[in-house]
Amino acid sequence: MIIQALHIFGLLGALAYAFVQPRRSRLASRIIMWAAVLGIYLVVLPKHAAILGEALGVDCGADLVLYCWILIVLVLLMNVGLKILGLETAIATLTRELALRAPQRRAGNGDDWKGA
Amino acid sequence: MAGASGSTTWVIIPAFNEAAVVAEVIGRVREAYPNLVVVDDGSTDCTDAVAHAAGATVLRHEVNLGQGAALETGIRYALGRGAQRVVTFDADGQHRVEDIAVLERRQRESGADVIIGCRFLGACPGLPFCRRWVLRLAVLFTWLTAGVKLSDAHNGLRLFTRRAAERIRIRQCGMAHASELVGQAHDHGLTIAEAPVTILYTAYSLGKGQRLGNAFRIVADLLLARLAR
C-alpha cells in the first residue's frame, strides 16, 4: 500500500510536470502525460496490470509500471536536452551580437575604424 | 552597398584554432576575393590576431560555438555589408580558391539559389576510405531527413545568393548545420545545384576533419531540434 501511494504520488508529479512545464516539446509533454496516466491506472488496478502484462508478454504486471517510469525518465532527459539546446541558442545569439558589434576590420577597405 | 572592391561576392572563413594555416588561406583568397571575413570561433591560439595581420576582417566569438554558428555570424555580417553572393570556405586549406569561380559560374548558368561543392564530381585525392563512407552516409541521411538528394552533403565550400542567405537561418551551432541548411533551402523553395570541386587532403586537414563520432552527434542534434519544433 505504501509503495502504491509512493508510485501514485510520483506519477501525479510527472503528470503535473507534463501540464505545467513550458512546452518545449508537445510530443514530450504528451508522452509523459500518457505514461503517467497509464502508470497510475496500472498501480490502482494491479489485476488489470497482471492481465495486460500477460497479454503483452511481460510475466509480472508490476513491470509495466516500471516501464512507464523508464519512459518518463527518458523523456525527461530529452526535455533537459531541449532546455540545453535553448540555452545554447541564447548563448549563440548573444555571442554573435557581440562579434558583430566589434569587428576587427582590416585597414584600407573603406572602413573608418579598426575595432576591438 | 557593395564591398570595398566593388565585388559583391563575400567569402566567409570560419576558423577555430587555425593559426598555423589561416594566414596562408587568407592570402590566397584575398588575391581574387578581397571581401572576406574570418569568424574566429573562440580560438585559443591567436587565430584572430593572425587573421587580422593577414588582412582579413575578423569577427570573434568569445566562446567556441561551432562551425554552424560561425557561418551564421559571417553570413549576417556579409549581408549587412551588401553581399550579393556569399561563399563559405574552410580555414584548414583544403579548398582551392579557383573553385569559388566554378561555383559562381555554376550559379550563373543554373540560376540556382544555393550551389554546393561536390568532391565526388570533382576530385578528392587522399580521401580516406572510412571518411568516404561517412560522407556517403551523410548523403543518405540528408536525403532522408531533408528530402534533397546530393552527391556530397557535407562540403564546406558553398555559395549562397543573397536571396538564399537572407532566408536560411543556421540554428545548428555544430556540424549538423550542413544538413540543416539543405533542409531549410528545400523548405523555402530555394533551388540547389552542385558543382565539381577539388578537396586537398593534407595531414593537417585530415587531423581537423570530421570523425565517425561526429556523425552520431549530428544525428542527435538534428533529432533534438526536430523534437523542439
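Everything quoted here is computed from the prediction, not taken from an experiment. One numbering rule holds for all chains: residues counted from 1, following each sequence as written. Written order determines the labels here, with chains lettered from A and ligands numbered from 1. Per-residue local features of the predicted model are confined to residues with pLDDT of at least 70, and side-chain atom pairs are confined, for both listing and counting, to 80 or more; whole-chain, interface and lining totals are unaffected and use all residues. Side-chain metrics rest on all non-hydrogen atoms present in the structure, leaving aside hydrogens and water.

## Remarks on the confidence of the model for chain B
Residue and element names in this part refer to chain B.
Stage number 1. Scored from 0 to 100, pLDDT records how confident the predictor is in each individual residue. Within chain B, residue pLDDT values average 89, and 95% of them lie at 70 or more.
Stage number 2. Low pLDDT (under 50) marks residues 1-6, which in the prediction has 15 contacts with non-local residues, meaning those over four places away or in another chain.
Stage number 3. Predicted complex, confidence summary: ipTM 0.83, pTM 0.81. The contact criterion used is simple: two residues touch if any of their non-hydrogen atoms lie within 4.5 Å.

## Some details on a nonpolar patch on the surface
Stage number 1. Nonpolar side chains collect at one region of the surface, where Leu38, Tyr41, Val44, Leu45, Leu52 and Leu56 of chain A lie side by side and expose about 500 Å² of accessible area between them.
Stage number 2. Segments assigned H or I by DSSP are reported as helices when at least four residues long, segments assigned E as strands when at least two residues long, and all are numbered from the N terminus. By secondary structure assignment, the location of Leu38 of chain A is in helix α2 (residues 26-44). Each patch is built from residues that are more than 30% exposed by relative accessible area and take part in no salt bridge. Like charges join if they lie within 9 Å; nonpolar side chains (Val, Leu, Ile, Met, Phe, Trp, Tyr) join within 5 Å. The Shrake-Rupley method, run with a 1.4 Å probe sphere, supplies the accessible areas, and residue values consider only the shown protein chains as cover. By salt bridge we mean one thing: a side-chain nitrogen of Lys or Arg within 4 Å of a carboxyl oxygen of Asp or Glu.

## Points about the pattern of salt bridges
Stage number 1. A complete count under the given rule lists 12 salt bridges over all chains for this structure.
Stage number 2. Linked by salt bridges that have partners in common, Asp40, Arg60 and Glu62 of chain B make up one network.

## Considerations on the interface of chain A and chain B
Stage number 1. Listed by partner, the interface residues are 20 residues for chain A and 28 residues for chain B.
Stage number 2. Summed over both partners, the accessible area (1.4 Å probe) lost when two parts come together is defined as the buried area. A combined buried area of about 2100 Å² lies between chain A and chain B, and 59% of that area is made up of carbon and sulfur atoms.
Stage number 3. At the junction of chain A with chain B, the criterion picks out 0 salt bridges.
Stage number 4. With 10 residues, helix α4 (residues 62-101) of chain A is the single largest residue contributor to the side of chain A that touches chain B.

## Observations concerning the packing of helix α1 (residues 2-20) of chain A against α4 of chain A
Residue and element names in this part refer to chain A.
Stage number 1. Here an angle of 0 to 180 degrees is reported between the N-to-C directions of two axes, which are lines fitted to C-alpha atoms, with helices fitted over the stretch in contact. Interhelical geometry of α1 versus α4 gives an angle of 35° and a closest axis separation of 12 Å. α1 and α4 meet at a crossing whose hand is left-handed. Each of His7, Gly10, Leu11, Ala14 and Tyr17 in α1 lies in contact with α4, whose residues at this interface are Val65, Trp69, Ile72, Leu76 and Asn79. In this scheme the handedness of a crossing depends on how the near helix is turned from the far one: anticlockwise by less than a right angle means left-handed, clockwise means right-handed.

## Focus: the packing of aromatic side chains
Residue and element names in this part refer to chain B.
Stage number 1. We call Phe, Tyr and Trp rings a pair once their centres come within 6.5 Å, taking the six-membered ring for Trp, and we label the pair stacked below 30 degrees between planes, edge-to-face above 60, and tilted otherwise. One pass over the full model with this rule turns up 2 aromatic pairs over all chains.
Stage number 2. With a centroid separation of 6.0 Å and an interplanar angle of 75°, the aromatic rings of Trp10 and Tyr77 are classed as edge-to-face. With Trp10 in strand β1 (residues 9-15) and Tyr77 in helix α3 (residues 67-80), this residue pair connects regions lying 67 residues apart in the sequence. For the residue pair Trp10 and Tyr77, the accessibility class agrees, reading buried in each case.
Stage number 3. Both a distance and an angle decide whether a charge sits over a ring: NZ of Lys or CZ of Arg must be within 6 Å of the ring centre and within 35 degrees of the ring normal. If you follow Arg136 out to its NZ or CZ, it ends over the ring of Phe120, 4.4 Å from the centre. Note on classification: 1.4 Å probe, protein chains only; a residue is buried when its accessible area is under 20% of the maximum for its type, exposed when over 50%, partly exposed between these limits.

## Thoughts on the sheet that holds strand β4 (residues 85-88) of chain B
All names here are of chain B.
Stage number 1. Pairing between two strands requires that DSSP report at least two bridges joining them. With mixed pairing, 7 strands are arranged side by side in an open sheet as β3-β2-β1-β4-β6-β5-β7. With one partner strand each, in any of the chains shown, β3 (57-61) and β7 (192-198) form the two edges of the open sheet. Across the sheet, the mean angle from the axis of one strand to that of its neighbour is 25°, orientation sign disregarded.
Stage number 2. Two strands pair when backbone bridges link them, and β1 and β4 are joined in this way by 4 bridges, in the parallel orientation. By the bridge assignment, Thr9 is partnered in β4 with Arg85.
Stage number 3. The strands touched by α3 within the sheet are β1, β2 (36-41), β3, β4 and β6 (158-161), with β1 carrying the most contacts at an inclination of about 150°.

## Here's the deal with the state of the cysteines
Stage number 1. Any pair of cysteine sulfurs within 2.5 Å is marked as a disulfide. By the definition in use, this model includes 0 disulfides over all chains.
Stage number 2. Take Cys60 of chain A: it sits in no disulfide, and the sulfur closest to it among the cysteines is that of Cys68 of chain A, at 13 Å.
Stage number 3. According to the relative accessible area criterion, Cys60 of chain A is partly exposed, its value standing at 37%.
Stage number 4. Just so you know, Cys124 of chain B is unpaired, no disulfide at all, and the nearest cysteine sulfur is the one on Cys118 of chain B, 8.4 Å from it.

## A few points about unusual backbone geometry
For residues that are not glycine, phi is negative in most cases, and the peptide bond is trans in most cases.
Stage number 1. Even without glycine at this site, Asn17 of chain B takes up a positive phi of about 50°.
Stage number 2. With respect to the helices, strands and loops of the structure, Asn17 of chain B is situated in the loop between β1 and α1 (22-32).

## Details of the pairing of β2 of chain B
Residue and element names in this part refer to chain B.
Stage number 1. Among the 6 residues of β2, 6 are classified as buried, and the element is accordingly described as predominantly covered.
Stage number 2. By the alternation rule, side chains of β2 split into Leu36, Val38 and Asp40 and Val37, Val39 and Asp41, which are all buried.
Stage number 3. Sheet topology places β1 next to β2; 5 bridges connect them, and they run parallel. Bridge pairing links Ile13 to Val38 in β2.
Stage number 4. A clockwise path from the first strand over the helix to the second, with the strands pointing away from the viewer, defines a right-handed crossover. Handedness of the crossover is the feature at issue here: the chain leaves β1, passes through α1, returns alongside β2, and the resulting connection is right-handed.
Stage number 5. Bridge count for β2 against β3 is 5 bridges, and the pairing is parallel. Across the sheet, the residue bridging to Val37 is Thr57, located in β3.

## Some words on the side chain of Asp41 of chain B
Stage number 1. Considering the arrangement of structural elements, one finds Asp41 of chain B in strand β2.
Stage number 2. Under this definition, polar contacts are N or O atom pairs within 3.5 Å; protein pairs additionally need one hydrogen-donor-capable and one acceptor-capable atom, and for neighbouring residues in sequence, both atoms have to be side-chain atoms. A polar contact is formed between the side chain of Asp41 of chain B and the side chain of Asn64 of chain B, at a distance of 2.9 Å.

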